[in-house]
Amino acid sequence: MSRAAAARLGRALLYAIPLAVFVWLYWFALRAWFQQDDFAWLALRSEVHSFGDLLGALFEPRAQGTIRPWSERLFFLLLYDRYGLDHRPFHIAVALTQCANLLLLQSIVRRITGSRLAAVASACVWLAGVGLATPLSWLSTYNQILCAFFLLAAFRLLLLYLDTGRRRWWWAQCAVFVLGFGALEVNVVYPALAAAWCWLAARPQLRRTLWLFSGSALYVFANFHFAPKPTSGVYARHWDFSIVPTYFSYWRAALAAEPIAARTEWPLWVWNASAALLGAAGLAFLVWAWRRGDRLAAFGLVWFTVALAPLLPLRDHFSLYYLAVPSLGLAFIAASAAALSRRSGWGGIALCSAFLAFHLYLAIPFNRATTVWHFERGLRIRSLVEGLERAHELHPGRVIALAGIDSE
């Protein structure tokens, strides 16, 4: 094997590491059956009998006033129409999207840091984060995975434009940005992310990114006008000081996960202390990296905060899967740490590895417990649905009464 071929093989193996981690960590998630809101989206197919019905199914506000034609409506309509209640094609679509996300993330980090190690570290840290456990298990939250794809793809196209100056990359970025609104409302933050990166690393291009805000403003106006949001209940928005403690609660969960059954013997203060330790270390690293001229770590903090901002008013609906997109910010910070530690000798490598290992030690068991829980609940629901289906075949036209069904 030539030296060039060996180098290509080495690069391919490095990029394959996160994909292998993905399969290992989410093996149960990718086999979970339909549950909860999935059945509402599956039922959409029974409403579509004409092109007008299809447009209504895709764009009418549903589920707390949301309009997500790609990640919820089209996703379930197409796959259910072709495969029925076979959950495997749904999970294959989710897995392929996530693989694309991992490759995009690694490409972005490699371009910014020039380090393959940093690219691999960023992908592995994001995979282990608590935010991905539910979106990769529960099909109704595919919107988080698809939103991450649109944001990462748009940002990668922005970097291509900054590198080459070719306008086609700029307009391709704009097209991806607009399409992202069909995945999730969080897509509205992309102009802030683009502007933040240009302010940090490409100041002459900052003014150009300001035009992107007009797209977000138009979307926000249309969304609130045509899809009014709930004013009561858990989805009501609270624009008050509660946003601050909610923000720090999400930080605590992102850094130190949550108490789980395997570690319930740990008192709560251990989790709080772990989050405080990791947070203090991260803040110290941000200051140190900034003084070293690194801007990726600061951008990671901005990404986490900006991507989480639209969700902070949902004070009464604190959900860890809301961290799926914001936790990309932690991945960027981890990438910066991996890249800088290599230049700081063995001491820097050891310190960086220790903190990353501690974070993974807290996060991975939570991920595994969450995915196994979704998988096992899916088995119970599948038994119930298929049992009812068989009972209906044996006793057509008869009323079927159920007893002993718990609320879950």
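Residues numbered from 1 in each chain as written. Predicted model: local features only at pLDDT ≥ 70, side-chain atom pairs only at ≥ 80, totals over all residues. Heavy atoms only, no water.

Enquirer: How should the overall build of the chain be read in this particular structure?
Expert: What the chain contains, in helices and strands, is 16 helices and zero strands. Since a compact globule built from 408 residues should have a radius of gyration of about 22 Å, the 22 Å found for the chain is in line with a globular shape. C-alpha extents for the chain along the principal axes are approximately 75 × 60 × 50 Å. When the 408 residues of the chain are sorted by exposure, 48% land in the buried category. Contacts in the chain between residues at least 24 apart in sequence constitute 74% of all its contacts with a sequence separation of at least 6. Positive and negative side-chain charges in the chain, numbering 36 and 21 respectively, have mean positions lying 17 Å apart. (Helix = DSSP H or I, 4+ residues; strand = E, 2+ residues; numbered from the N terminus. Rg over C-alpha atoms; globule rule 2.2 N^0.38 Å. Buried < 20%, exposed > 50% of the residue type's maximum accessible area, 1.4 Å probe, protein only. Contact = heavy atoms within 4.5 Å. Lys, Arg positive; Asp, Glu negative; His and termini not counted. Charge placed at Lys NZ, Arg CZ, Asp CG, Glu CD.)

Enquirer: Quick question: what am I supposed to make of a nonpolar patch on the surface here?
Expert: Among the surface-exposed residues, Phe51, Leu55, Phe59, Trp70 and Leu179 lie close enough to one another that they form a single nonpolar patch of about 490 Å² accessible area. Ranked by residues supplied to the nonpolar patch, first place goes to helix H3 (residues 51-59) with three residues. The topology assignment puts Leu179 in helix H8 (residues 167-179). Judged by relative accessible area, which is 43%, Leu179 ranks as partly exposed. (Patch = residues over 30% accessible without salt bridge, like charges linked within 9 Å, V, L, I, M, F, W, Y side chains within 5 Å. Areas by Shrake-Rupley, 256 points an atom, 1.4 Å probe, with all protein chains shown as cover. Salt bridge = Lys/Arg side-chain N within 4 Å of Asp/Glu carboxyl O.)

Enquirer: Would you mind showing me how to read the layout of surface pockets here?
Expert: Sizing a probe to match a water molecule and rolling it over the atoms shows the empty space that remains. The computed volume of the largest pocket comes to approximately 970 Å³. With six residues, the single largest contributor to the lining of the largest pocket is helix H16 (residues 345-394). A per-class count over the lining of the largest pocket returns 24 nonpolar, twelve polar and seven charged. Roughly 800 Å³ of internal volume is contained in the second largest pocket. In terms of lining, the second largest pocket is formed by 29 residues, of which the most central are Leu278, Ala281, Gly282, Leu283 and Phe285. Elements supplying a minimum of two residues to the lining of the second largest pocket: helix H12 (243-256), helix H13 (268-291), helix H15 (328-342) and H16. For the lining of the second largest pocket, the element with the most residues is H13, which contributes nine residues. (1 Å grid on protein atoms, 1.4 Å probe; cavity = no way out; pocket = protein on both sides within 12 Å on 5 of 7 lines; lining within 4 Å. Points joined across faces, edges and corners; volume = space filled by probe spheres on them. Nonpolar A, V, L, I, M, F, W, Y, C, P; charged D, E, K, R; others polar.)

Enquirer: In this structure, what is going on with the nonpolar core? I would like to understand it.
Expert: Soluble globular proteins tend to bury their nonpolar side chains together. The biggest cluster of nonpolar side chains holds 106 residues, and the ones touching the most others in it are Tyr26, Tyr190, Phe299 and Trp303. With 15 residues, the top contributor of residues to this core is helix H7 (residues 142-164). Not counting residues up to four positions away in its chain, the partners in contact with Trp303 are Leu151, Leu152, Leu193, Val325, Pro326, Leu328, Gly329 and Phe332. Ala297, Ile333, Leu340 and Cys352 belong to the second largest nonpolar core, which has eight residues in total. (Core = buried A, V, L, I, M, F, W, Y, C linked by side-chain atoms within 4.5 Å.)

Enquirer: What's the story with the packing of aromatic side chains in this structure? I'm lost.
Expert: Each pair of aromatic rings is reported with the distance of its centres and the angle of its planes. As enumerated under the stated definition, the model contains 29 aromatic pairs in all. Judged by centre distance (4.3 Å) and plane angle (20 degrees), the rings of Phe181 and Tyr219 are stacked. One end of the pair, Phe181, is in the loop between H8 and helix H9 (190-201); the other, Tyr219, is in helix H11 (residues 212-226), and 38 residues separate them in sequence. Side by side, Phe181 and Tyr219 carry an identical accessibility label, which is buried. (Phe/Tyr/Trp six-rings, centres within 6.5 Å; stacked < 30°, edge-to-face > 60°.)

Enquirer: So what exactly am I meant to see when it comes to the pattern of salt bridges here?
Expert: Pairs may arise between side chains of opposite charge once their charged atoms sit close together. If you walk through the whole model with that rule in mind, you get eleven salt bridges. Between Asp316 and Arg315 there is a salt bridge, with its nearest N and O atoms 3.1 Å apart. Since its relative accessible area comes to 39%, Asp316 is described here as partly exposed. Among the residues examined, Arg315 registers a relative accessible area of 34% and is labelled partly exposed. Notably, a salt bridge pairs Arg382 with Glu386, separated by 2.9 Å at the nearest N-O pair. On the criterion of helical spacing, the pair formed by Arg382 and Glu386 is a turn pair, its members being four residues apart in helix H16. A relative accessible area of 32% places Arg382 in the partly exposed class. One network of salt bridges, with partners in common, ties together Glu47, Glu60 and Arg62.

Enquirer: Please explain the side chain of Ser242 as it appears in this structure.
Expert: Here Ser242 is to be found in the loop between H11 and H12. Assessed through its relative accessible area of 14%, Ser242 is described here as buried. Separated by 2.3 Å, the side chains of Ser242 and Asp240 make a polar contact. (Polar contact = N/O pair within 3.5 Å; in protein donor to acceptor, adjacent residues only side chain to side chain.)

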